[in-house]
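# Results of the structural survey
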Amino acid sequence: MFIRTVEPGEADGEIAALYSGEIQSTGRVMQATQCWSARPDILVPVENLLHQIRDGSSLGLLNFRLITFVVARHVPSSYCSHVYFRSLSGMLGREQALAIRSDYRNAGLSDQQVEMLAYAEQITRDASRITQADIHRLRDAGLSDLNIADIALAASFRSFMSRYFDAVGATVEMEFLDDDPAVRELMAVGRT
């Protein structure tokens, strides 16, 4: 980490409660969480917004993670690529997660998921180029306006989060790194 943050043993109040919850659910305080503690007034609202976007999504957890994984590649964010590769491997299997990383259009996803990911990718690369025709294509794939808004929120929020993580020097935890050095290199799309 490039900046001073609140270490788990130093935390009190809302930060201590948030850290405690993360330790209970994941066994540790992730650097992605800890890096926000340099601005304690921001930590809890950012974490709450993440949970509201993810847990309240009309798309479900799998699609949220697919969006995050594809966006991480194009931000680029090694941290989020490693973390979400690990989570998708657990949900879909390692081979399909690798196929998605290679080419989500030909990775056994539904047509709706492919359209969803193409939209998320475009948001990450250059949202100013999105047109009404892109929205019609999403609707034609069966996505509602609520779904479309949730895709835009997930992609935009991940872009913001990933860029902040790199800007303050968050590094991926060892347990998220794949055992295969070739896969680790593939996920290292940004800072290594």
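Everything here concerns the structure above.
Read on for an overview of the structure.

Calculation criteria
- Here the residue index of a chain counts from 1 through its sequence in written order.
- Reporting in this predicted model follows two pLDDT cut-offs: at least 70 for local features of residues, and 80 or more for side-chain atom pairs to be given and counted; totals over whole chains, interfaces and linings ignore these cut-offs and use all residues.
- Water and hydrogen atoms were dropped before computing side-chain values, which therefore reflect all heavy atoms in the structure.
- Strands here are runs of E lasting at least two residues and helices are runs of H or I lasting at least four, both read from the DSSP assignment and numbered beginning at the N terminus.
- Throughout, the radius of gyration refers to the C-alpha atoms, and the reference size of a globule is 2.2 Å times the residue count to the power 0.38.
- Under this scheme, a helix contributes an axis fitted over its contacting stretch, all axes are lines through C-alpha atoms, and angles between N-to-C directions fall in the 0 to 180 degree range.
- Oblique is the label for every angle not falling under 35 degrees (roughly parallel), over 145 degrees (roughly antiparallel), or within 65 to 115 degrees (roughly perpendicular).
- Crossing handedness: left-handed means the near helix sits turned counterclockwise from the far one by under a right angle, and right-handed means the same turn made clockwise.
- When checking whether two residues touch, look at their non-hydrogen atoms; a contact exists if any pair is within 4.5 Å.
- Polarity classes work like this: nonpolar for Ala, Val, Leu, Ile, Met, Phe, Trp, Tyr, Cys and Pro, charged for Asp, Glu, Lys and Arg, and polar for all others, with Gly in that last group.
- Polar contact is defined as a pair of N or O atoms within 3.5 Å, subject to the rule that within protein one atom must be able to donate a hydrogen and the other to accept it, and that residues adjacent in sequence are counted only when both atoms are side-chain atoms.
- Here the expected span of a helix is defined as 1.5 Å times the quantity of residues minus one.
- Whether a residue is buried, partly exposed or exposed follows from its accessible area with a 1.4 Å probe, protein chains only, as a fraction of its type maximum: under 20%, in between, or over 50%, in that order.
- Like charges within 9 Å and nonpolar side chains (Val, Leu, Ile, Met, Phe, Trp, Tyr) within 5 Å are joined into patches, using only residues over 30% in relative accessible area that form no salt bridge.
- For every accessible area listed, the method is Shrake-Rupley and the probe measures 1.4 Å; residues are considered covered only by the protein chains on display.
- Salt bridges are identified by distance alone: a Lys or Arg side-chain nitrogen within 4 Å of an Asp or Glu carboxyl oxygen.
- For this analysis, a ring pair means two rings from Phe, Tyr or Trp (six-membered ring only for Trp) whose centres lie within 6.5 Å, classed as stacked if their planes differ by under 30 degrees, edge-to-face if by over 60, and tilted for the remaining angles.

Along the chain, the regular secondary structure elements total 10 helices and 0 strands. Its helices and strands taken in sequence order, the chain reads α-α-α-α-α-α-α-α-α-α from the N to the C terminus. For the chain, the C-alpha radius of gyration of 17 Å lies close to 16 Å, the compact-globule estimate for 192 residues. The C-alpha extent of the chain, read off along each of the three principal axes, is 50 × 35 × 30 Å.

So, on to the packing of helix α4 (residues 60-74) against helix α6 (residues 94-103). α6 packs onto α4 with a crossing angle of 45° between their chain directions and a minimal axis gap of 10 Å. Considered as vectors, α4 and α6 are oriented oblique to each other. As for the relative orientation of α4 and α6, their crossing is right-handed in sense. Residues Leu66, Phe69 and Arg73 of α4 pack against Ala97, Ile100, Arg101 and Ser102 of α6. In terms of residue class, the contact of α4 with α6 is built from 4 nonpolar, 1 polar and 2 charged.

Take the side chain of Thr124 next. Mapped onto the elements, Thr124 comes out in helix α7 (residues 111-126). Separated by 2.9 Å, the side chain of Thr124 and the backbone oxygen of Ala120 make a polar contact. Residues within four places of Thr124 in sequence aside, it is in contact with Val71, His74, Val75, Ser159 and Arg163.

So, on to helix α5 (residues 78-92). For α5, built from 15 residues, the straight-helix expectation of 21 Å at 1.5 Å per residue is met to within 8% by its first-to-last C-alpha distance of 20 Å. Summarising burial for α5: 11 of the 15 residues are buried, a large majority. Residues of α5 that are buried: Ser78, Tyr79, Cys80, Ser81, His82, Val83, Tyr84, Phe85, Ser87, Leu88 and Ser89. The elements touched by buried residues of α5 are α2 (31-34), α4, α6, α9 (145-168) and α10 (181-187). Measuring from the backbone nitrogen of Cys80 back to the side-chain oxygen at the start of α5 gives 3.1 Å, which picks out Ser77 as the cap.

Looking at the element boundaries, Ala154 is found in helix α9. Judged by relative accessible area, which is 3%, Ala154 ranks as buried. For the pair Ala154 and Phe64, spaced 90 residues apart in the sequence, the C-alpha separation amounts to 6.7 Å. Not counting chain neighbours up to four residues away, the residues in contact with Ala154 comprise Ile53, Phe64 and Ile67.

Let us look at α7. Across its 16 residues, α7 extends 22 Å between first and last C-alpha, which sits within 8% of the 22 Å expected from 1.5 Å per residue. Regarding α7, the residues found buried are Gln113, Val114, Met116, Leu117, Tyr119, Ala120, Glu121, Ile123 and Thr124. Packed against the buried residues of α7 are α4, α8 (132-140) and α9.

Examined against the element boundaries, Thr68 turns out to sit in helix α4. For Thr68, a relative accessible area of 0% puts it in the buried group.

In this section: a nonpolar patch on the surface. Together, Met1, Phe2 and Ile3 give the surface a local cluster of nonpolar side chains, amounting to about 270 Å² of exposed area. Structurally, Met1 is set in the segment before α1 (13-26).

For the rest of this paragraph, the subject is the packing of aromatic side chains. Evaluated as defined, the whole model comprises 6 aromatic pairs. Seen in terms of ring centroids, Trp36 and Tyr164 are 4.1 Å apart; in terms of plane orientation they differ by 15°. Their pairing is stacked. Taken together, the residues Trp36 in the loop between α2 and α3 (40-55) and Tyr164 in helix α9 connect sequence positions 128 residues apart. Ring centres of Phe157 and Phe160 lie 6.1 Å apart, and the angle between their planes is 50°; on these two criteria the pair is classed as tilted. Of this pair, Phe157 and Phe160 are both found in helix α9, 3 residues apart, which corresponds to roughly one turn of the helix. Each residue in the set Trp36, Tyr79, Phe157, Phe160, Tyr164 and Phe165 is aromatic and connected to the rest through ring pairs, giving one cluster.

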